[in-house]
Amino acid sequence: MFLNEDFMLSGETARLLFHNHAKTMPIIDYHCHLDPREIYEDQPFENLTAAWLYGDHYKWRLMRANGVPESHITGDASDYDKFLAWARTLPKAVGNPLYSWTHLELRRFFGVEEMLNEATAPAIWEKVNRKLAEPGFTRRGLIRSSGVKVICTTDDPADSLEYHKLLSGSETAFQVFPTFRPDKALNIDAEGFAAWTLKLESASGLPVKSYAGLLDALRNRVAFFHEQGCRLSDHALDVLRYEAGEAEAVEAIFAKRMQGAALSPEEITRYRTELLTALIGFYHDKDWTMQLHLHAYRNNNTPMFQRLGPDTGYDGINDLPLTTALSQLLDRAESGSGLPKTILYSLNPGDYPALLALLGCYQKDTPGKLQLGSGWWYNDTRSGMRQQLTLLAEGSLLGNFVGMLTDSRSFLSYTRHEYFRRVLCGLLGELAERGEAPDDLEVLGAMARDISYNNAAGYFGFQTAGSEAGVTA
Ligand SMILES: O=C[C@H](O)[C@@H](O)[C@@H](O)[C@H](O)C(=O)O
């Protein structure tokens, strides 16, 4: 019964929708944290720990919750001992998506049907490691066998994109595009800000000695990213505040910071508001999609932050108000440059109704121009996905949803798309069975296919020339 072919599909309609429509659609993974260099170099994984546990802060949190010492999570214990620590943790994770993901990954990629636990760990370790040494199991092998057509990585504006370029010349089964993520430009108060402007100078070949210079350099990088096929930007906006400022005031704030002075919270907000507004204009000009990742509450454990840095499993969910500042930002763009296509993700699902109501105020021209992003991170669960899909259906048009992304650092995460498609088909099937949707497999099947793949293929406008992987809606 566990993870059988119909798991999470409780009725006949759901089953038919998944098996005949959603399951075989290709994947567009339009937001993830894979390293383009690793994709290009295409090395085999040394072992299952390297493929699974390096960098996976989702698993690390569960291991910490199980009392596993840090030496066996991010420390210097052997890879086998780290794997064993995960295997010992897993039986307690029933009901957590990681329980399903882990076993789905073992099944889909490696043909391992057993439950992973302390007793089965040695044999699974051997079997999977043998497979990982076979040619089809390199980084690119795993991507290809998952039916992935497009991957969008997450990249700093100063990045040379050399690995994206190399990949576009050498990989035909799928395309890897960059995503423009200028957090370092916005985080003027961060310690490394001045040093980062030097990197931007050398990447753009333009002086970044003033705010005007910064804007020129960023515009230049937007054009450079665009040439490399980039069609999305991304921002981590953990706290969103809005305070407009005149150009001279922003120049003065920039100059003050470059001289090494600390800025007041008001100055930081003014700078961020103006820079974000300018960037939104750049995205609109290029017909990009802007992604805003809202309301993470990061780095809650100072000793562990000092030891391991960000994105290591110490982030929470922000519960600050959002609507006023977000409305000011979006409305200013709509009244000025024009709003680009926009996807709003919040880590706080309590924000969904307000986000949906607000995004409906700016819909025009493109179907689903503004989107409520797929259940993000802590919401990447069965109930989180159902909540996002249900509210989206009730508050906008589910049929225009661009669907799932992995947001992952792991090459084995593509089964999350399968998990999502099962949740989606389960929900559509239930609507039909309750008489709230037509029990018409053509209509619902088309919707399942669209949300699984076609909508994303049409919405983002990836360039396909010269690639066999051509993205077609
Ligand atoms: O799923 C979790 C994510 O990968 C998380 O680590 C990222 O969303 C990251 O914090 C970011 O800001 O991009």
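Bear in mind the structure is a predicted one, so any value in this text is a computation, not a measurement.

Rules behind the numbers
Residues numbered from 1 in each chain as written. Predicted model: local features only at pLDDT ≥ 70, side-chain atom pairs only at ≥ 80, totals over all residues. Heavy atoms only, no water. Helix = DSSP H or I, 4+ residues; strand = E, 2+ residues; numbered from the N terminus. Rg over C-alpha atoms; globule rule 2.2 N^0.38 Å. Buried < 20%, exposed > 50% of the residue type's maximum accessible area, 1.4 Å probe, protein only. Contact = heavy atoms within 4.5 Å. Areas by Shrake-Rupley, 256 points an atom, 1.4 Å probe, with all protein chains shown as cover. Lys, Arg positive; Asp, Glu negative; His and termini not counted. Charge placed at Lys NZ, Arg CZ, Asp CG, Glu CD. Pairing = 2+ DSSP bridges. Axes fitted to C-alpha atoms, helices over the stretch in contact; angles between N-to-C directions. 1 Å grid on protein atoms, 1.4 Å probe; cavity = no way out; pocket = protein on both sides within 12 Å on 5 of 7 lines; lining within 4 Å. Points joined across faces, edges and corners; volume = space filled by probe spheres on them. Nonpolar A, V, L, I, M, F, W, Y, C, P; charged D, E, K, R; others polar. Domains from an automatic or database assignment. Phe/Tyr/Trp six-rings, centres within 6.5 Å; stacked < 30°, edge-to-face > 60°. Lys NZ or Arg CZ within 6 Å of the ring centre and 35° of its normal. Patch = residues over 30% accessible without salt bridge, like charges linked within 9 Å, V, L, I, M, F, W, Y side chains within 5 Å. Salt bridge = Lys/Arg side-chain N within 4 Å of Asp/Glu carboxyl O. Parallel < 35°, antiparallel > 145°, perpendicular 65-115°, else oblique. Left-handed = near helix turned anticlockwise from the far one by under 90°. Near = heavy atom within 4 Å. Polar contact = N/O pair within 3.5 Å; in protein donor to acceptor, adjacent residues only side chain to side chain.

Novice: Help me understand the overall build of the protein chain in this model?
Specialist: A count of helices and strands for the protein chain gives 20 helices and nine strands. Over its C-alpha atoms the protein chain spans a radius of gyration of 23 Å, differing by no more than 12% from the 23 Å that the globule rule assigns to 473 residues. Its C-alpha atoms give the protein chain principal-axis dimensions of roughly 65 × 55 × 45 Å. Per-residue burial over the protein chain gives 56% buried out of 473 residues. Long-range pairs, those at least 24 residues apart, make up 77% of the contacts in the protein chain with a sequence separation of at least 6. In the structure as shown, the protein chain presents an accessible area of about 18900 Å², 50% of it carried by carbon and sulfur atoms. Charged side chains in the protein chain number 46 positive and 61 negative. The centres of these two groups are separated by 2 Å.

Novice: Would you mind going over the sheet that holds strand β2 (residues 148-152) with me for this structure?
Specialist: Sheet strands pair by backbone hydrogen bonding; their relative direction is either parallel or antiparallel. Read across the open sheet, the three strands follow the order β1-β2-β3; overall the sheet is parallel. A single partner strand is all that each edge strand has here, and the edge strands are β1 (27-29) and β3 (175-177). With strand direction ignored, the average angle separating the axes of adjacent strands in the sheet is 10 degrees. One ladder, built from three bridges, connects β1 with β2; its direction is parallel. Bridging from a neighbouring strand, I28 pairs with V150 of β2.

Novice: Would you take a moment to explain the side chain of T415 for this structure?
Specialist: Checked against the element boundaries, T415 lands in helix α19 (residues 415-433). Apart from residues lying up to four places away in sequence, T415 is in contact with W101, L104, E105, R108 and F109.

Novice: It is not clear to me how empty space enclosed by the protein should be interpreted in this structure. Could you clarify?
Specialist: Over the atoms rolls a probe the size of a water molecule, and in doing so it shows where empty space is left. All chains considered together, the criterion is met by five cavities of 30 Å³ or more. In this structure, the largest cavity encloses a volume near 100 Å³. Looking at the largest cavity, the residues that line it are W52, Y54, G55, D56, H57, Y58, D407, S408, R409, S410, S413 and R416. Of the residues in the lining of the largest cavity, the class split is three nonpolar, five polar and four charged. Split by domain, the lining of the largest cavity shows at least three residues from each of two domains, domain 1 (47-137) and domain 2 (149-460).

Novice: What is the right way to look at the packing of aromatic side chains in this model?
Specialist: Aromatic ring pairs are defined here through the distance separating the ring centres and the angle between the ring planes. Applying the stated criterion to the full structure yields 25 aromatic pairs. Judged by centre distance (5.8 Å) and plane angle (15 degrees), the ring pair of Y283 and W288 falls under stacked. For the pair shown, Y283 and W288 are each scored as buried. Aromatic ring contacts, followed pair by pair, group Y30, F177, Y459, F460 and F462 into a single cluster. Lying across the ring of F45, R139 places its NZ or CZ 3.7 Å from the centre. Sitting over the face of the ring of Y58, R416 holds its NZ or CZ atom 5.0 Å from the ring centroid.

Novice: Looking at this structure, I do not really get the environment of L90. What am I missing?
Specialist: Mapped onto the elements of the fold, L90 is located in the loop between α5 (79-89) and α6 (97-110). By relative accessible area, L90 is classed as buried at 0%. It is 27 Å that separates the C-alpha atoms of L90 and Q388, two residues lying 298 residues apart in sequence. Once residues lying within four places of it in the same chain are set aside, the contact partners of L90 are L98, Y99, T102, H103 and L116.

Novice: In this structure, what is going on with α5? I would like to understand it.
Specialist: It helps to recall that an α-helix has 3.6 residues per turn; residues three or four apart then point in one direction. Summarising burial for α5: eight of the 11 residues are buried, a large majority. Within the sequence span of α5, burial applies to D79, K82, F83, L84, A85, W86, A87 and T89. The elements touched by buried residues of α5 are α3 (48-52), α4 (57-65), α6 and α7 (121-132).

Novice: When you look at a negative patch on the surface in this model, what are you seeing that I'm missing?
Specialist: Together, E433, D439, D440 and E442 line one region of the surface with negative charge. Relative to the helices and strands, E433 resides in helix α19.

Novice: Looking at this structure, I do not really get the packing of helix α11 (residues 193-204) against helix α12 (residues 211-227). What am I missing?
Specialist: When two helices pack together, you describe them by how their axes are tilted relative to each other and by the distance separating the axes. Remark: α11 packs on α12, axes separated minimally by 10 Å, with the N-to-C direction vectors making an angle of 55 degrees. Classed by the angle they form, the pair α11 and α12 counts as oblique. Remark: the crossing between α11 and α12 carries left-handed chirality. Between α11 and α12, the contacting residues are W196, L200, A203 and S204 on the first element and L214, A217, L218, N220 and R221 on the second. Grouping the constituent residues of the contact of α11 with α12 by class yields six nonpolar, two polar and one charged.

Novice: I keep staring at the site of the ligand and nothing clicks. Help me out?
Specialist: Taken together, H33, H57, Y58, R181, R298, D311, W376, W377, D407 and R409 form the complete shell of residues around the ligand. Within the contact set of the ligand, an oxygen atom lies 2.8 Å away from a side-chain nitrogen or oxygen of R181. A distance of 2.9 Å separates an oxygen atom of the ligand from a polar atom in the backbone of D407. Expressed as a share of its isolated accessible area of 330 Å², the protein-covered part of the ligand is 99%. Here the residues of the shell around the ligand are counted per class, giving three nonpolar, two polar and five charged.

Novice: I'm lost on the sheet that holds strand β8 (residues 341-346) in this one. Help?
Specialist: What the four strands build is an open sheet, ordered β4-β5-β8-β9; its pairing is parallel. What marks the edges here is a single partner per strand, and that holds for β4 (232-237) and β9 (370-372). The sheet shows a mean angle of 15 degrees between the axes of neighbouring strands, direction not considered. As paired elements, β4 and strand β5 (residues 289-294) share six bridges and run parallel to each other.

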